[in-house]
Amino acid sequence: MFYNMTDGGEPLIAAVGLLAAFAGTCLFLTKLSGFLPKDAGREFAHDGKLSAGKPRGAGIIFILVFVASALLFAPVDREICIYLVLVAAEMLTGYMDDASEHPWGEYKKGLLDLIIAVVLAVTFLNFNSNTIEIAACGLQVTIPPAVFGILTVALVWGSVNVTNCTDGVDGLSGTLAIISLMTIYVADSILGITGSFPYLILLFVICVLGYLWYNAAPSRLMMGDAGSRAMGIFISIAVLKSGSPLLYLPAAAVIILDGGLGLLKVALLRFLRIRILQHVRTPLHDHVRKIKGWSNTQTVFRFAIIQIVVSAALIYLLLARQYNA
């Protein structure tokens, strides 16, 4: 059951919550977008100057609507409240960078992400088991708590940063995040995950959809780091709560490739002086637009199609395993 009534949830209230979250996102984005900082255009991004002058940092609005909707309409306990605080904290660090006259350095943002990731890992271990399931084959593996904590920090930090790197084309980051989260949502149902978190996934997706209403090409506003970093941490929490964190790899495959290859390329060059992908522009969404000649709409649709195909294969595999179990 996606929304477990044993947790105190009423289906009618939950349904109203989803509608209210969408309406609230659209309303506040309309009324408050004029107060957001304006984008200066990104010098090194393909067509980056086209975004100059648009309101940036809209993530602060739809993330706050999500948090408020969760508190109003979802059964939340101490663990969930901590996660909501961490999502809001990641959003605020991104928004402060969005609003700053001088962009924050990579190391400053990376350190803040690391601190939040450590708090999340400690919280998760305090409320959950350190045994994970490899969902594709039904195996359960118990990981030593210290190792589990380190891997959780790596997952959270990586998810935040690769998701942030996908934010460069109107509608791309939000669309991919929605597909990844809905993949996890369906996987939760197949795996029999109960509790309130699957409902929180729907609430989050609804708020991102409200944002995409204004961000579809040609966009009127942009989420900024406030939105992309918050989406990244929420995706990591969602996959951790599924009990099968390895699902992150297929469920967010396109996000990982689009944003992760650039991070890997820069890290290898900066720290080990190793050059890779010299003829590939990163993030990949810039490569396909500048080198392959894809339009923004083609980029969003084709990247989304690839992720949907991967997600469909994953869901089929999980269903087949459940059927044969």
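In the block above lies the structure referred to throughout.
What comes next concerns the included structure.

Quick notes on the rules
Residues numbered from 1 in each chain as written. Predicted model: local features only at pLDDT ≥ 70, side-chain atom pairs only at ≥ 80, totals over all residues. Heavy atoms only, no water. Core = buried A, V, L, I, M, F, W, Y, C linked by side-chain atoms within 4.5 Å. Buried < 20%, exposed > 50% of the residue type's maximum accessible area, 1.4 Å probe, protein only. Helix = DSSP H or I, 4+ residues; strand = E, 2+ residues; numbered from the N terminus. Patch = residues over 30% accessible without salt bridge, like charges linked within 9 Å, V, L, I, M, F, W, Y side chains within 5 Å. Areas by Shrake-Rupley, 256 points an atom, 1.4 Å probe, with all protein chains shown as cover. Salt bridge = Lys/Arg side-chain N within 4 Å of Asp/Glu carboxyl O. 1 Å grid on protein atoms, 1.4 Å probe; cavity = no way out; pocket = protein on both sides within 12 Å on 5 of 7 lines; lining within 4 Å. Points joined across faces, edges and corners; volume = space filled by probe spheres on them. Nonpolar A, V, L, I, M, F, W, Y, C, P; charged D, E, K, R; others polar. Contact = heavy atoms within 4.5 Å. Polar contact = N/O pair within 3.5 Å; in protein donor to acceptor, adjacent residues only side chain to side chain.

## What about the nonpolar core?
Core analysis: the biggest nonpolar cluster contains 87 residues, and Phe 197, Ile 201, Tyr 211, Ile 233 and Phe 234 have the highest contact counts within it. Sorting elements by how many residues they give to this core places helix α7 (residues 197–215) first, with 14 residues.

## A word on a nonpolar patch on the surface
Where nonpolar side chains cluster on the molecular surface, the patch consists of Leu 111, Leu 114, Ile 115, Val 118, Val 119, Val 122 and Trp 157 and spans about 590 Å² of accessible area. The element best represented in the nonpolar patch is helix α4 (residues 106–127), accounting for six residues. Along the chain, the position of Val 119 falls in helix α4. Owing to a relative accessible area of 38%, Val 119 belongs among the partly exposed residues under this scheme.

## Regarding the layout of surface pockets
There is about 320 Å³ of room inside the second largest pocket. For the second largest pocket, the lining is made up of 17 residues, of which Leu 151, Leu 155, Pro 245, Leu 246 and Tyr 248 are closest to its centre. For the lining of the second largest pocket, the secondary-structure elements that each account for two or more residues are α5 (145–165), α9 (248–251) and α10 (253–272). With eight residues, the single largest contributor to the lining of the second largest pocket is α5. Looking at side-chain class alone, the lining of the second largest pocket contains 13 nonpolar, four polar and no charged residues.

## Here's the deal with the environment of Met 182
Here Met 182 lies in helix α6 (residues 172–191). In contact with Met 182, not counting residues within four places along its chain, are Leu 202 and Val 205.

## Things to note about the side chain of Arg 289
Inspection of the secondary structure assignment puts Arg 289 in helix α11 (residues 284–290). Side-chain polar atoms of Arg 289 contact the side chain of Asp 286, separated by 2.6 Å. A distance of 3.0 Å separates the side chain of Arg 289 from the side chain of Asn 296, its partner in a polar contact.

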